[in-house]
Amino acid sequence: MIIPKADRLQHVQEYYFSRKLAEVRALQAQGKHIINLGIGSPDMAPSAETVQALAQSAQQAGSHGYQPYNGTAKLRQAVQAWYQRQYQVELQEQEVLPLAGSKEGIFHISMAFLNPSDKVLVPNPGYPAYAAAARLAGAEVLTYTLEEESGWLPQREELEQLVAKKDVKLMWINYPHMPTGTAATMHTLEWLVEFSQKHGLLLINDNPYSLVLHEQEPLSLLSIAGAKANCLELNSLSKSHNMAGWRVGMVLGQPEYLAAILAVKSNLDSGQLLPVQEAAVAALQNSHSWHAERNSAYAKRQQLAHLLLQQLGCTYQPHQVGMFVWALVPEEVSDVEAYLNELLYEQGIFLTPGKIFGSQGERYLRVSLCCPESQLQEAINRVKSSKETLTQL
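Rules behind the numbers
Residues numbered from 1 in each chain as written. Predicted model: local features only at pLDDT ≥ 70, side-chain atom pairs only at ≥ 80, totals over all residues. Heavy atoms only, no water. Helix = DSSP H or I, 4+ residues; strand = E, 2+ residues; numbered from the N terminus. Rg over C-alpha atoms; globule rule 2.2 N^0.38 Å. Contact = heavy atoms within 4.5 Å. Lys, Arg positive; Asp, Glu negative; His and termini not counted. Charge placed at Lys NZ, Arg CZ, Asp CG, Glu CD. UniProt positions renumbered as here; feature names shortened; annotations may be inferred. Buried < 20%, exposed > 50% of the residue type's maximum accessible area, 1.4 Å probe, protein only. Salt bridge = Lys/Arg side-chain N within 4 Å of Asp/Glu carboxyl O. Pairing = 2+ DSSP bridges. Axes fitted to C-alpha atoms, helices over the stretch in contact; angles between N-to-C directions. Core = buried A, V, L, I, M, F, W, Y, C linked by side-chain atoms within 4.5 Å. Domains from an automatic or database assignment. Expected span 1.5 Å × (residues − 1). Parallel < 35°, antiparallel > 145°, perpendicular 65-115°, else oblique. Left-handed = near helix turned anticlockwise from the far one by under 90°. Nonpolar A, V, L, I, M, F, W, Y, C, P; charged D, E, K, R; others polar.

Colleague: Could you clarify how one ought to interpret the overall build of the chain in this entry?
Modeller: The number of helices and strands found in the chain is 12 helices and 13 strands. For 393 residues, the compact-globule formula gives about 21 Å, and the C-alpha radius of gyration of the chain, at 21 Å, lands near that figure. Each principal axis of the C-alpha distribution contributes one length, and for the chain these read about 65 × 55 × 55 Å. Put simply, of all contacts in the chain between residues at least 6 apart along the chain, 76% involve residues at least 24 apart. Positive and negative charge centroids in the chain, built from 30 and 38 side chains respectively, lie 5 Å apart.

In structure tokens form, the structure reads like this:
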């Protein structure tokens, strides 16, 4: 390189799945059949109406130019109606900012509100992008502990100790939680709003999993009375509408906050393709039966994932929300990542080590349900076969 990398990259590594999926592809190129239970990329299709809306719009000559930086009015209004219908949250059109996937929103929010002297509260375990975006903005990451003994929920005493260090400006939560599959209660969201307002924090809930295998009515942080004063919510069509590659998300909250985010966003992109926005409008009108059918498929896969974990000697909570199963690895496994690499290279099964989500995930693994039942059954058979072979030796 003729010049060195920016100093900020000393604190940020290439995303785990960017590296690991390249490794998986290399094994596949060698002719090995890898069962990919690592990443949460839905393998089922969007609704027929979604695809039809895309195709129809794409055939129009006027659909291919630049679009408004804050999305079309039609898409913003569709999000409004969806939030009213799905979460009982009343939004004004100017309280909706469409995004090219909610992941970009994590970066935009961090760049819009964080200075190098600021501190950010991030869950451990949690989605690595929260910490990465904060560090790219030059802020300091303070992790708060989530653990199985306390139901993977934040503990107020610890949070009070962390904010006592001052300069804490922003807090990330993610419920339903990834990777643990925990759904927050209304009580938890209420005290988090109260806590954040007491300490003058911007509180953001990343909420893409609330429609996947959720047995209760899905919750939005913005349904809490007074939350809009200092709270934002990210949501996405990636998981709930089988549209991961389409990159359609949104951030919701007071217009003043969204204006700051738009100041960043409008300098980084030139709006989303109109056919994608038209397709998103159609997707947001998917019927209850469409969502129920998707969840029925995931429920069957979840049962098979449980059988696989039993074969591996792992323990898990049976009623997890979202498209993953989070499980505790047996005590006799000393190095979880090495164990999973062995599983990948010897049995062709790719599972995600929990340590990539933080130190609290060190003894855990994650299984994705984004894989046909036949592949999950094949994974079970491979583990069984391997155990039988070892018994015979």
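Colleague: So what exactly am I meant to see when it comes to the UniProt feature "domain: Aminotransferase class I/classII large" (unreviewed entry) in the chain here?
Modeller: UniProt records the feature "domain: Aminotransferase class I/classII large" (unreviewed entry) for residues 33-383 in the present numbering. For residues 33-383, the helix share is 39%, the strand share is 16%, and the end-to-end C-alpha distance is 14 Å.

Colleague: What's the story with the environment of Val89 in this structure? I'm lost.
Modeller: Position of Val89 relative to the elements: it lies in the loop between helix 3 (73-87) and strand 2 (96-99). For the pair formed by Val89 and Ala58, sequence separation is 31 residues and the distance between their alpha carbons is 32 Å. The contacts of Val89, once residues within four sequence positions are left out, are Tyr83, Gln84, Ser220, Leu222 and Ser223.

Colleague: Would you explain helix 5 (residues 128-136) in this entry?
Modeller: Since the α-helix advances by 3.6 residues per turn, residues separated by three or four positions end up pointing in the same direction. Among all positions in helix 5, only Ala129, Tyr130, Ala131, Ala133 and Ala134 are buried. Structurally, helix 5 contributes buried residues whose contacts are with helix 4 (102-113), strand 3 (119-124), strand 4 (140-145), strand 5 (168-173) and strand 6 (202-206). Two residues or fewer after helix 5 comes Gly138, characterised by a positive phi angle close to 85°.

Colleague: What's the story with the pattern of salt bridges in this structure? I'm lost.
Modeller: Side-chain pairs of opposite charge can arise where the charged atoms are in close proximity. Throughout the structure, instances matching the rule amount to 14 salt bridges. For Arg301, the salt bridge identified is with Asp43, shortest N-O distance 2.7 Å. Here Asp43 lies in the loop between strand 1 (35-36) and helix 2 (48-58) and Arg301 lies in helix 10 (residues 288-311), a separation of 258 residues in the sequence. Accessibility expressed as a relative area gives 6% for Arg301, which makes it buried. Here Lys265 ties to Asp269 by a salt bridge, and the two come within 2.7 Å at their closest N and O atoms.

Colleague: Is there a simple way to explain the sheet that holds strand 7 (residues 231-236) in this structure?
Modeller: Backbone hydrogen bonds are what pair the strands of a sheet, in a parallel or an antiparallel way. Judged by pairing direction, the sheet is mixed, and its 7 strands sit side by side in the order 2-8-7-6-5-3-4 without closing on themselves. Every other strand in the sheet has two partners, leaving strand 2 and strand 4 as the edge strands with one partner each. Averaged over all pairs of adjacent strands, the angle between strand axes in this sheet comes to 25°, irrespective of strand direction. Judged from the 4 bridges that link them, strand 2 and strand 8 (residues 249-252) form a sheet pairing that is antiparallel. Bridging across to strand 8, Leu97 finds its partner in Val251. Together, strand 2, strand 7 and strand 8 form the strand contacts of helix 3, whose direction differs from that of strand 2 by roughly 110°.

Colleague: What should I look at first to understand the sheet that holds strand 12 (residues 352-353) in this one?
Modeller: Ordered by their spatial adjacency, 4 strands build an open sheet running 9-10-13-12, and the pairing between neighbours is antiparallel. Where the open sheet ends on each side, the last strands, each with one partner, are strand 9 (315-316) and strand 12. Bridge count for strand 10 (residues 324-328) against strand 13 (residues 364-368) is 5 bridges, and the pairing is antiparallel. In the sheet register, Trp326 faces strand 13, and the bridge partner there is Arg366. Lying over the sheet, helix 10 contacts strand 9, strand 10 and strand 13, oriented at roughly 20° with respect to strand 10.

Colleague: Teacher, can you tell me more about the nonpolar core here?
Modeller: As a rule of thumb, soluble globular proteins bury nonpolar side chains together. Formed by 120 residues in total, the largest nonpolar core has its most connected members in Leu37, Ile109, Leu121, Met171, Trp172 and Leu232. Each of domain 1 (10-45 + 289-392) and domain 2 (48-287) accounts for three or more of the residues forming this core.

Colleague: Explanation requested: helix 10 in the structure shown.
Modeller: The end-to-end C-alpha distance of helix 10, which contains 24 residues, comes to 35 Å, matching closely the 34 Å that a straight helix rising 1.5 Å per residue would cover. Backbone geometry just downstream of helix 10 places Gly313 in the positive-phi region, at approximately 80°.

Colleague: How do you make sense of the packing of helix 1 (residues 16-29) against helix 11 (residues 336-347) when you look at a structure like this?
Modeller: One way to put it is that helix 1 packs onto helix 11 with a least axis distance of 11 Å and a crossing angle of 30°. Comparing their axes, helix 11 and helix 1 come out roughly parallel. Crossing geometry of helix 1 relative to helix 11 is assigned as right-handed. Between helix 1, through Tyr16, Lys20, Glu23, Val24 and Leu27, and helix 11, the contact on the second element is made entirely by Glu337, Asn341, Leu344 and Tyr345. Residues of the contact of helix 1 with helix 11, tallied by class, amount to 5 nonpolar, 1 polar and 3 charged.

Colleague: Sorry if this is basic, but what is going on with the environment of Lys166 here?
Modeller: Topologically, Lys166 is positioned in the loop between helix 6 (156-163) and strand 5. Between the alpha carbons of Lys166 and Pro330 there is a distance of 40 Å; along the sequence they are 164 residues apart.

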